[in-house]
Amino acid sequence: MIYVYDTVLQPYESTLKRYGVSYRLEKVSRMGEQRFFTFTAPGHEKILVVPRFAEQYRHIEKLYQRFASCRRLETCLRHIKQEISRQVVKEEVPNDQSADGVMIVVTTAYLDIQIQFEFMNNTLRLSPEFEILENNLFGNNIIVIMNLDMEGDS
């Protein structure tokens, strides 16, 4: 079974195109507050979609859009602390593309995931990756890359 963490399903969505194959919804399961969606396609391995963590990331994206235009690091940090989490870790990372040779990486947790922001050349960017920290029945500390095109041919 293939576990998919980067997909948010719309209500009543019954098909999923992944790896160049159209999968059909087989079953919806619930365990506690989490819902899981099993998709199948003839001759292919089953897919289990776990949307909880992608939903959390999408919520962060919406919050990020409110302050994405900040030009000062201090302002960005204030927004992150107010709207996402008070606990942030800020570190400087060498980067050749930066005007001053340094990129600031801000790491914080939101509900069950850990996300990163990158501040460089007076621009804040939300990293397309996040780490599942807790409440994953299939194992924690999984790195998920969002916004990848997984619909192309396999």
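First, a word on what this report is: a plain description of the structure on this page. (Residues numbered from 1 in each chain as written. Predicted model: local features only at pLDDT ≥ 70, side-chain atom pairs only at ≥ 80, totals over all residues. Heavy atoms only, no water.)

## Looking at the overall build of the protein chain
Reasoning step 1: Within the protein chain, the secondary structure is distributed over two helices and 10 strands.
Reasoning step 2: Reading the helices (α) and strands (β) of the protein chain from amino to carboxyl end gives β-β-β-β-β-α-α-β-β-β-β-β.
Reasoning step 3: In terms of overall dimensions, the protein chain has C-alpha extents of about 55 × 35 × 25 Å along its principal axes.
Reasoning step 4: Counting only residues that meet the buried cut, the protein chain has 40% of its 154 residues in that class.
Reasoning step 5: In the protein chain, once contacts between residues fewer than 6 apart in sequence are set aside, the share between residues at least 24 apart is 42%.
Reasoning step 6: On the protein chain, roughly 9400 Å² of surface is accessible, and the fraction owed to carbon and sulfur atoms is 46%.
Reasoning step 7: Distance between charge centroids for the protein chain: 7 Å, based on 18 positive and 21 negative side chains. (Helix = DSSP H or I, 4+ residues; strand = E, 2+ residues; numbered from the N terminus. Buried < 20%, exposed > 50% of the residue type's maximum accessible area, 1.4 Å probe, protein only. Contact = heavy atoms within 4.5 Å. Areas by Shrake-Rupley, 256 points an atom, 1.4 Å probe, with all protein chains shown as cover. Lys, Arg positive; Asp, Glu negative; His and termini not counted. Charge placed at Lys NZ, Arg CZ, Asp CG, Glu CD.)

## Concerning helix α1 (residues 52-67)
Reasoning step 1: The first and last C-alpha atoms of α1 sit 24 Å apart over 16 residues, in line with the 22 Å expected at 1.5 Å per residue.
Reasoning step 2: Along α1, the residues classified as buried are F53, A54, Q56, Y57, I60, L63, Y64 and F67.
Reasoning step 3: Each element contacted by the buried residues of α1 is listed here: β4 (34-40), α2 (73-83), β7 (102-110), β8 (113-120) and β9 (123-132). (Expected span 1.5 Å × (residues − 1).)

## Quick notes on the sheet that holds strand β5 (residues 47-49)
Reasoning step 1: The mixed open sheet is built from five strands, whose spatial order is β1-β5-β4-β3-β2. Each edge of the open sheet carries a strand with a single partner, namely β1 (2-4) and β2 (15-18). Taken pair by pair, the neighbouring strands of this sheet meet at an average axis angle of 35 degrees, ignoring direction.
Reasoning step 2: Note that β2 and strand β3 (residues 21-31) share four bridges and pair antiparallel. (Pairing = 2+ DSSP bridges. Axes fitted to C-alpha atoms, helices over the stretch in contact; angles between N-to-C directions.)

## Some thoughts on the sheet that holds β8
Reasoning step 1: Spatially, five strands are ordered β6-β7-β8-β9-β10 in an open sheet, and the strand pairing comes out antiparallel. On the outer flanks of this sheet lie β6 (88-94) and β10 (142-145), each paired with one strand and no other. Between one strand axis and the next, the sheet turns through 30 degrees on average, direction left out of account.
Reasoning step 2: Contacts between α1 and the sheet are confined to β7, β8 and β9, with β9 contributing the most and set at about 170 degrees to the helix.

## Some thoughts on unusual backbone geometry
Reasoning step 1: Unusually for a residue other than glycine, N122 sits at a positive phi of about 60 degrees.
Reasoning step 2: One can find N122 in the loop between β8 and β9.
Reasoning step 3: Given a relative accessible area of 42%, N122 falls into the partly exposed group.
Reasoning step 4: Its identity as a non-glycine residue notwithstanding, N135 has a phi of 65 degrees, on the positive side.
Reasoning step 5: The topology assignment puts N135 in the loop between β9 and β10.
Reasoning step 6: What makes N135 partly exposed here is its relative accessible area of 39%.

## Concerning the nonpolar core
Reasoning step 1: By size, the foremost hydrophobic cluster in this structure holds 30 residues, and its most contacted members are I60, F67, I84, I115, F117 and F130.
Reasoning step 2: Counting only elements with at least two residues in this core, the list comes to α1, α2, β7, β8 and β9.
Reasoning step 3: Here this core takes seven residues from α1, the largest share from any one element.
Reasoning step 4: Residues within four places of F130 in sequence aside, it is in contact with Y5, F53, A54, Y57, I113, Q114, I115, I142, I143, V144 and M146.
Reasoning step 5: By size, the runner-up hydrophobic cluster in this structure holds 10 residues, among which are L9, L16, V21 and F39. (Core = buried A, V, L, I, M, F, W, Y, C linked by side-chain atoms within 4.5 Å.)

## Examining the side chain of T38
Reasoning step 1: As for its position among the elements, T38 is in strand β4.
Reasoning step 2: Beyond its immediate sequence surroundings of up to four residues, T38 is in contact with R24, L25, E26, K27, K46, I47 and L48.

## With respect to α2
Residues separated by three or four positions in an α-helix point in the same direction, a consequence of the helix having 3.6 residues per turn.
Reasoning step 1: By the burial criterion, the buried members of α2 are L73, T75, C76, L77 and I80.
Reasoning step 2: Where the residues of α2 are buried, they touch α1, β6, β7, β8 and β9.

## Description of the pairing of β2
Reasoning step 1: The two faces of β2 differ: L16 and R18 on one face are buried, but T15 and K17 on the other face are not.
Reasoning step 2: Following β2, the chain reverses through two residues before pairing antiparallel with β3; Y19 in that reversal takes a positive phi of roughly 55 degrees.

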